[in-house]
Amino acid sequence: MTKSIINSLLMVLVMTLLTGLAYPLAMTGLAQALFPAQANGSLITQNGKIIGSKLIGQNFSSPGYFHSRPSTAGSEGYDATASAGSNLGPTNQKLKDTVNENLAAVRSDNNLPAHTPVPGDLVLASASGLDPHISPEAAYIQVERVAKERDLNAAEIKALVAMHTEGRQLGFLGEPRVNVLELNLALDTMKQ
């Protein structure tokens, strides 16, 4: 019986070293060698300063920028250390009130008539609360506001949205999407 216990403990030790140390180190080294930008968080830098990540949404509230989808991550939203959805179900009154408030805000901010359909990603938070993307439809609804605020031609802004629309992954996975941070950074480079 003692031999069985020793063999079991040795097997636990070997498997711990293999799966808890060797494998993670090998995968980290491989990721750093083959995909260094992605392995380090897909960070976006400007003038040597990190301004965000392609993978984590940010709150843009200025009317001259495209707005991200709502976030429930942390008390102020977009808190990467508190990634989570609201966990409110479709019959929850708080969720209904929040959606109605978000819907009214989107319509007001973008000068939309009362019964204009609004894409769901502008009124509902993602499961993580950190989604950096919105649908192309959500971006196009905001074009007139952004163009007016920046005194630019709406057609130029629409073209910019089209340029920053990413297709489905591998041509069939997911939906077309627009990274809000990248779109807003491109917007900043346009002449005003």
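Our subject is the structure listed above.
Conventions we followed
- Residues numbered from 1 in each chain as written.
- Predicted model: local features only at pLDDT ≥ 70, side-chain atom pairs only at ≥ 80, totals over all residues.
- Heavy atoms only, no water.
- Helix = DSSP H or I, 4+ residues; strand = E, 2+ residues; numbered from the N terminus.
- Rg over C-alpha atoms; globule rule 2.2 N^0.38 Å.
- Buried < 20%, exposed > 50% of the residue type's maximum accessible area, 1.4 Å probe, protein only.
- Contact = heavy atoms within 4.5 Å.
- Areas by Shrake-Rupley, 256 points an atom, 1.4 Å probe, with all protein chains shown as cover.
- Lys, Arg positive; Asp, Glu negative; His and termini not counted.
- Charge placed at Lys NZ, Arg CZ, Asp CG, Glu CD.
- Pairing = 2+ DSSP bridges.
- Axes fitted to C-alpha atoms, helices over the stretch in contact; angles between N-to-C directions.
- Phe/Tyr/Trp six-rings, centres within 6.5 Å; stacked < 30°, edge-to-face > 60°.
- Lys NZ or Arg CZ within 6 Å of the ring centre and 35° of its normal.
- Patch = residues over 30% accessible without salt bridge, like charges linked within 9 Å, V, L, I, M, F, W, Y side chains within 5 Å.
- Salt bridge = Lys/Arg side-chain N within 4 Å of Asp/Glu carboxyl O.

**Things to note about the overall build of the protein chain**
Thinking step 1. Counting its secondary structure elements, the protein chain contains six helices and five strands.
Thinking step 2. The N-to-C order of helical and strand elements in the protein chain reads α-α-β-β-α-β-α-α-β-β-α.
Thinking step 3. Here the C-alpha atoms of the protein chain give a radius of gyration of 22 Å, more than 25% beyond the 16 Å that 2.2 N^0.38 yields for 192 residues.
Thinking step 4. For the protein chain, the spread of C-alpha atoms along the three principal axes comes to 80 × 45 × 35 Å.
Thinking step 5. When burial is assessed residue by residue, the protein chain has 31% of its 192 residues classed as buried.
Thinking step 6. Nonlocal contacts in the protein chain, meaning residues at least 24 apart in sequence, comprise 54% of its contacts between residues at least 6 apart.
Thinking step 7. Accessible area of the protein chain: about 12200 Å², with a carbon and sulfur share of 60%.
Thinking step 8. Charged side chains of the protein chain number 14 positive and 16 negative; the gap between the two group centres comes to 5 Å.

**Here we look at the sheet that holds strand 4 (residues 165–166)**
Thinking step 1. Read across the open sheet, the three strands follow the order 3-5-4; overall the sheet is antiparallel. If you trace the sheet from one side to the other, it starts and ends with strand 3 (133–134) and strand 4, each paired once.
Thinking step 2. Taken together, the two bridges between strand 3 and strand 5 (residues 177–179) define a ladder with antiparallel strand orientation. Its bridge partner being in strand 5, His133 is matched across the sheet by Asn179.
Thinking step 3. Those strands touched by helix 6 (residues 180–189) are strand 3, strand 4 and strand 5, and its axis lies near 60° from that of strand 5.

**Side note on the packing of aromatic side chains**
Thinking step 1. Across all of its chains, the model carries one aromatic pair by this definition.
Thinking step 2. Taking the centre distance of 5.8 Å and the plane angle of 40° together, the rings of Phe60 and Tyr65 count as tilted.
Thinking step 3. Judged by its relative accessible area of 23%, Tyr65 is partly exposed.
Thinking step 4. For the cation-ring pair, Arg150 lies above Tyr65, with the distance from its terminal atom to the ring centre recorded as 4.7 Å.

**A closer look at unusual backbone geometry**
Thinking step 1. Phi angles above zero are rare outside glycine, and Ser42 is one such case at about 50°.
Thinking step 2. Along the chain, Ser42 falls in the loop between helix 2 (36–39) and strand 1 (43–46).
Thinking step 3. You can call Ser42 buried: its relative accessible area is 11%.
Thinking step 4. Positive phi, close to 60°, is recorded for Leu170, a residue that is not glycine.

**Focus on a nonpolar patch on the surface**
Thinking step 1. Taken together, the side chains of Ile6, Leu10, Leu13, Leu17, Leu21 and Leu25 make up a nonpolar region of the molecular surface, amounting to roughly 580 Å² of accessible area.
Thinking step 2. Overall, the relative accessible area of 44% leaves Leu21 in the partly exposed class.

**Some words on the pairing of strand 1**
Taken residue by residue, a regular strand's side chains alternate between the two faces of the sheet.
Thinking step 1. Bridge analysis of strand 1 against strand 2 (residues 49–53) gives four bridges, and the strand direction is antiparallel. Looking across to strand 2, one finds that Leu43 is bridged to Ser53.
Thinking step 2. Counting the residues between successive antiparallel strands, the hairpin from strand 1 to strand 2 contains two residues, one of them, Asn47, with a positive phi of roughly 55°.

Everything listed here is a matter of geometry and, on its own, says nothing about what the molecule does.
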